[in-house]
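A look at the structure
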Amino acid sequence: MDNKPKLSELEEDLLGELFNLGVGRAANSLSKMVNQEVKLSVPHVKFVGQQEMEDYLGSNSQICAVGQVMHGPFDAQSLLLFPEKSSMEVVRKMLGEHLSDELIAEMQQEALTEIGNIVLNACIGAISNSMKKIITVELPHFFLDTPNRLLSDYLTTENDVVLLITIDMTLSESEVTGYMAFILGPFSLQKLQKSLQEILSGIG
Amino acid sequence: MSAYTSFLEQTELIEKLLISLNSGLILLDKDENVIFVNKWVIDSCPEIDSAIPQQKFLDIFPELKSGRVYEAIVNAGINGFPSIVSNALNRHPFPFYNPIKLIKSNDLQKSERIFQAIHIVPIGLSRQSNYCAIFINDVSPSVMREDALKKQVEKKQLAVRELDQQKKLFEAGPSVVFKLDYRDGYPVEYVSPNLYEQFFYHAEDIIDNNFHFMDFIHADDVRGYQDHILVNIETDVDHFEQEYRIIDGQGGIRWVNDFTTVIRKEDGQISYFHGYLIDVSEHKLIEKQIKKQAFYDSLTSLPNRRMLTERLNQDISRARRHKFYNALLFMDLDNFKYINDSLGHGVGDELLVEVAKRITDRIRLEDMAARIGGDEFVIVLSELDKDMEQAAVKGQIIADSLRAKLSASYSIRGNELHTSPSIGVVIFPRPGDESQKIIQNADTAMYHAKAAGRNDVRFFTEEMQLAADNRLHLEKNLRMAVTNQELCLVYQPQVAKGGEVLACESLVRWIKDNKIISPADFIPVAEETGIIIDIGEWVVQESCRQFKAWQQLHLKNAIQHIAVNISPKQFRDSNFIQFVENTLRYHQMEPSELELEITEGIVIADVEDTIEKMKQLKAMGVRLAMDDFGTGYSSLSYLKNLPLDVLKIDQSFIRDASKDPNDKAIVSTIISMAKHLKMVTVAEGIEEKSVLNHLSREGCSIFQGYYISKPITGEEFSNFLKSWDGSLLF
Amino acid sequence: MSEKQPTVLIVDDSKVSRMMIKAQINALHPDWNIIEAGGGYEALELADNSDIDYFSVDVNMPEMDGLELIERLQPGHPTKAMALLTANIQEDIIKKAMRLGAACFHKPITEEVIKKMTDYFSG
C-alpha cells in the first residue's frame, strides 16, 4: 500500500512556513536563555517511512529524543531528535565549554528535555495559532536509544507516517543538524490536511 | 461549596502529599495572581509570608520577569502547553533556600539557593486554563556530586591558567621555547616570541616558513648536536641538555644551553621535541677567562708553566706515536737582573713583554712559547724531523735565529737596552723522557750556554748530563777549596828580548785528593757560580805575597812585576778596584808591580764599564794586560780607547806563526798595531826556538812558553831565578 | 491627483507566505502593485528589470538569505524602502538590518504586522 501522503505542494509549503515560525520563536527563547546567538532554520519538510527515517538518523547509532504527545485537530507523537554526538555538542555549547565531560553528561538529559520542550511547544503553538484550534500537549519525556527501537515503539502500524522536519541549528560557531518528527496515524494525517486546507482558504 | 473551595480542599490533600515529596507548589489563576503556595515554598522562601491571596506573581518574584519561568507561565496561559524549566539551563530562578539554612540566617547568597527543577502545568479543562500550577523540586543533593565535579573542573582550569601564566612568564624571560617536528633538520613548529629579543629572528617568520632548526646551528657544532640527540634517543633518555653555538639574526655566534624533552606518542614513537634555549655566551666568555688565568702568564700572555707541562706531555705522546723528534729550548736573559735592578721593574716588565713578542713572532704556529719564571722562557718546537740529527740541526737554526732576534737592541721607555738569551736545547723524546726531565736537561744545557760566554746556544747530550753531574760535584768541592787550602799557584816566567826575566804569570792549580785539577775544568764553574770571587781574591793575594817573598830574597834576577789573571766576574765585581787597592797596600807593593790580565771577552761584554774600571786601575798605577788577544769577536776600534800596557797574543797564533802564513800575518799585524798604540806584546805558548826567533825578529817584546819554562812552583821559581842565564835563550 | 501606484516586491520561498502577505497588503492598499519572487536570484533579476518601490524580504531563505539579498539590492536601489520579515527576531538581525537601512518585522504574518510594514513603506 502506498504510504506516501498526498499533501499538495501548497499544503506542504504552509506546513513548512508554520514550522519556520515555530523554530524562529524557539530560537529566540533559546538565545535569551543561554545568552548566545542561536539560529534555527528549517530547510526540509517531508514525509518519510521508517526505513528512510533510519537512513537519516543512522540505524545503529544512538539518538537522543525528547517527545511530547499532542492532541487536537489531529493527534501525533512529536519528537525532537539529535544524534547523540550532536546532542552532546548542543548541550556543551549551551552550558559552557569549560565544563567537564562528566558534568555535561549528567546534565545532558535535563538540558535536552527543556530544549525539546521549547522547540516542540513553539512549533505546535504555531500550528495551533494558525489553525485557531486548541491543541493540548503532555509533559516531555526523554529517550536515548537507537532509531530502530525508538521508532518501533511509536510506529505501531504500517500505515503510520512520519513527518520529518530537518532543523539546522547554529550556535557559537558550530552547526548541528537535528530533526523534528511528527508521527501520525493515517486518520490524523487526513485531519491535518483538512486543517491546512482550511487555513489556505482563509488566505485566499 | 464552590468549586473554588473544593479545589482548595483538594489542594490541601495534595499539599500533604507534596510535603512528603519535598516539592513546592505555586498556584496561579489566569490573571497571574498567586492563589496558593504550599508550606514547602513558605519554608524555603524568605520573601513570602503565609497567606498571600491575590498578589501578582511578578510582585512577589519581580526578578523572574524576563526569565524562562515567566515565559513558560505566559505560554501556558496562551497555549495551554506545559513546560519544564530544567536545572541544567536555569539554576536558581526562584529565591528558594534550604529551610534549615534559612532558619539560621535570613541573609543568604544567591549561590546558596537550592537547585531547582520546575514544571509549569496549566490546569483546566478547556483551553482557557483557569489555573497554572508551578511545581518546584529541590534537586540539590544530586547536584552535590556535581559540585565536586565542578570543583574538579575548576581545579583543572586553574591549573591550565597557572600553566599558561607560567608559560607567559617563562617566555617573557631569556629562555626561548621551541617545539620541533621530529623530521629531517627538525622543522620549527613553534618558537616563543622572545626569540627576537634574544636572537634577532622574528618568531612568525621562522614558524611561517617552517625553517629547520639545524640551519641555525654553527657548522662545527652540527655534527655534535645530531650525535648527542641520537645517543640519547637510543638509550631512551627523554630529557637532555647540550651546549652548542648558533648563528643569530645579526650573524653573530652565540653559545646556547639547550634543554630538550622528547615527546612520544602513545605507542612510544617520537612525536616531537619540546625544549628551550638560553644564551650562555657571556658565561662561556668568563669560563674562557678563568681558564686563561690558570694557564697563561698575566704579563706576557704566554702560556705558563702549568700549560707548558700539559702541552709537553701531549707532545711527548704524539711524538712517540708518530715517531718524530721535537726540541725544547730553555732560555733566560743574560743580564735581565741588572736591567731590572738598575732601571726598575717597569722597564723590566716591558722588556719581558717585548721579548715574548719577538719569540712568538719567530716561532711557528705549531710551536709553543711559555714563560715559566722571572726571565726564563721555554719554547717547544714541534715535529722537527723524524731523524734525530736533522731535528737537532733544525732546532739549532731556529734557536740561533731566536738568539739573534732577541739580541737586537730594544727601545723601552726611551732607553736603548741590550739583552741576549742563553739557550739550552734538548731533542726529545728519548726513551724514558718525561716532561720534567726534559725541562731539567734543557736547563742544564742552558747553563753550559752561559758558561760558554752567554748569548749562545748549547745542546744537551749524554756527556753533558754526565758533565752536569760531575760539575755539581765539582762545584761542591770547589766551594771548600779555598778554606781547605787545596789551591796553589804556579808561575810561568816571562822573558824579555834581551833575555832577562821580566815578570811571571801566576796560574792557579787545585789539588784535591792528590789529584791535580786543571783550571780549564774548574775555572768556568767557578766563574758561573761566583766562587771565582773567593778564588780570585786568594789568587791575587797569594801572588802579591809570593812576589814580595821573592823580593825579600834579593835575587840577582829579580822580576819587575807579577801578572795575575782576573776573571770576568771578578772584574765586574763592584768591590774589585777597592780590593786591588787594599791588597797592594797590605802587601806593601807598588802598583806597577802588579799586572792584571783580563780577557778580550770582558771588554766585549760591556765596553763602557771596562774602560771606566781600567782607567781607574791605570790611575792607581797598576799594569793592565789583555789576554788571549785575537780570539774575541770584537772590533779593533775600541782598542785605542783601552788604557792597556800589554797585549798578549794568544798561543793559537803563536804555535804556527813561523810556518802558517796566515798566523804569521796576524801576528805581524798585532805586533805592529800594538807598537803604534804604545803597547807591549807578549807572545804566549812558545815551544820552539824558531818561533822565538821569528817573533823576536817581528818585534815582539816579551816571551812566555814551555821553551823557556813550564809553570813552576814558588820555590822552584826562586831557584829558576837564581840559575837563569838569559844569553842561552837565543 | 494621479500618482503612480507603488510596486511592492515580495520575496519569500514559501508560496503560502507570499500569499498571506499579498492578501494582507491588498486588504490595506488595493491599489498597490504586487510582484513576487521565490528566491534571491529571481528577486535581483526582477529588481533590475522592473521599477520597484518597496521590498518585503523574508530572512530565512535557502538560496540566499534575506540580509544578503538586501545588501545586494541596496546599490541599485539606494533610496527604496526595504523590510525584513522574520520569525526569529534576534538582536543581531536587527542590527544588521539597521546597518543596511532596512526595517525588521516579526512573523507570523498578521494583519497588524503587515500594517506596520506598509506604514513603513508609505513613510
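Let us look at the structure shown here. This one's a predicted model, so the numbers in the text were calculated from it and none came from an experiment.

Before going further, it helps to examine the overall build of chain B. Of the regular secondary structure elements, chain B holds 26 helices and 27 strands. Residue burial in chain B is summarised as follows: out of 730 residues, 33% are buried. Long-range contacts, defined as pairs at least 24 residues apart, comprise 58% of the intrachain contacts of chain B with a sequence gap of at least 6.

Tallying secondary structure elements over chain A gives 6 helices and 7 strands in all. Along chain A, from the amino end to the carboxyl end, the secondary structure elements read α-β-α-β-β-α-α-β-β-α-β-β-α. The buried share of chain A, reckoned over its 204 residues, is 49%. In chain A, the proportion of contacts linking residues at least 24 apart, taken out of those at least 6 apart, comes to 70%.

Moving on, we come to the sheet that holds strand β2 (residues 33-37) of chain C. Residue and element names in this part refer to chain C. Sheet architecture is open: 5 strands sit in the order β2-β1-β3-β4-β5, paired in parallel fashion. Lying at the two open borders of the sheet, with one neighbouring strand each, are β2 and β5 (103-106). The average undirected angle you get between the axes of adjacent strands in this sheet is 20°. Bridge count for strand β4 (residues 81-86) against β5 is 4 bridges, and the pairing is parallel. If you follow Ala-83 over to β5, its bridge partner there is Ala-103.

Chain C puts 17 residues into the contact, and the matching count from chain A is 21 residues. The element best represented in the side of chain C that touches chain A is helix α1 (residues 15-28) of chain C, accounting for 6 residues. When grouped by side-chain class, the residues that make up the side of chain C that touches chain A number 8 nonpolar, 6 polar and 3 charged.

With that out of the way, let us pick up the interface of chain B and chain A. The interface is formed by 22 residues belonging to chain B together with 26 residues belonging to chain A. At the level of elements, α4 (68-79), β4 (83-85) and α6 (140-172) of chain B are the ones that each hand at least two residues to the side of chain B that touches chain A. With 6 residues, the single largest contributor to the side of chain B that touches chain A is α6(B).

With omega at 5°, the peptide bond leading from B:Phe428 into B:Pro429 counts as cis. A cis geometry characterises the amide bond from C:Lys107 onward to C:Pro108, with omega recorded as 10°. If you trace the backbone, C:Pro108 turns up in the loop between β5 and α5 (111-122). Even without being a glycine, B:Tyr186 presents a positive backbone phi close to 60°. Note on placement: B:Tyr186 falls in the loop between β7 (176-181) and β8 (188-191).

Let us look at the environment of B:Ala172. Residue and element names in this part refer to chain B. Examined against the element boundaries, Ala-172 turns out to sit in helix α6. Given 12 C-beta atoms within a 10 Å radius, Ala-172 is considered exposed. Each C-alpha atom of the pair Ala-172 and Pro-193 lies 8.1 Å from the other, and the pair is 21 residues apart in sequence.

Turning to the packing of helix α17 (residues 519-529) of chain B against helix α18 (residues 531-553) of chain B, a few remarks are in order. Residues and elements named next belong to chain B. The geometry of α17 relative to α18 is characterised by a closest axis approach of 5 Å and an angle of 120° between their N-to-C directions. Contact with α17, carried on its side by Ala-526, Glu-527 and Thr-529, involves Ile-531, Ile-532 and Ile-535 of α18 and no other residues of that element. Here the residues of the contact of α17 with α18 are counted per class, giving 4 nonpolar, 1 polar and 1 charged.

Looking now at the nonpolar core. Grouped together as the largest cluster of nonpolar side chains are 127 residues, with contacts concentrated most on A:Val23, A:Val119, A:Cys123 and A:Ala181. Among the elements that line this core, the one with the most residues is helix α4 (residues 101-131) of chain A, at 14 residues. When sequence neighbours within four positions are dropped, the list of residues in contact with A:Cys123 reads A:Phe19, A:Gly22, A:Val23 and A:Met180. Listed in part, the 68 residues of the second largest apolar core include B:Val495, B:Val540, B:Val603 and B:Ala625.

This next bit is on helix α5 (residues 147-154) of chain A. Residues and elements named next belong to chain A. By the burial criterion, the buried members of α5 are Pro-147, Leu-150 and Leu-151. One side of α5 holds all its buried residues, which, seen down the axis, span an arc of 90°. The exposed residues of α5 that point more than 90 degrees off its buried face are Arg-149 and Ser-152. Where the residues of α5 are buried, they touch α2 (50-57), β2 (63-71) and β5 (141-145).

A few words on helix α2 (residues 40-49) of chain C. Residue and element names in this part refer to chain C. Of the positions making up α2, those classed as buried are Gly-40, Ala-43 and Ala-47. Summarising the axial view, the buried residues of α2 lie within an arc of 60°, below the 170-degree limit, and thus occupy one face. Of the exposed residues in α2, the ones pointing more than 90 degrees away from its buried face are Glu-45, Asp-48 and Asn-49. As for α2, its buried residues are in contact with β1 (7-11), β2 and α3 (66-73).

This brings us to the environment of B:Glu595. All names here are of chain B. Inspection of the secondary structure assignment puts Glu-595 in strand β23 (residues 594-599). Separated by 35 residues in the primary sequence, Glu-595 and Gln-560 place their C-alpha atoms 10.0 Å from one another. Excluding residues within four positions of it along the chain, Glu-595 makes contact with Ala-503, His-561, Ile-562, Ala-563, Arg-623, Ala-625 and Val-646.

What counts and what doesn't
- Residues numbered from 1 in each chain as written.
- Chains lettered and ligands numbered in written order.
- Predicted model: local features only at pLDDT ≥ 70, side-chain atom pairs only at ≥ 80, totals over all residues.
- Helix = DSSP H or I, 4+ residues; strand = E, 2+ residues; numbered from the N terminus.
- Buried ≥ 20, exposed ≤ 12 C-beta atoms within 10 Å, placed from the backbone.
- Contact = placed C-beta atoms within 7 Å.
- Pairing = 2+ DSSP bridges.
- Axes fitted to C-alpha atoms, helices over the stretch in contact; angles between N-to-C directions.
- Nonpolar A, V, L, I, M, F, W, Y, C, P; charged D, E, K, R; others polar.
- Core = buried A, V, L, I, M, F, W, Y, C linked by C-beta atoms within 7 Å.
- Arc of directions from axis to C-beta.

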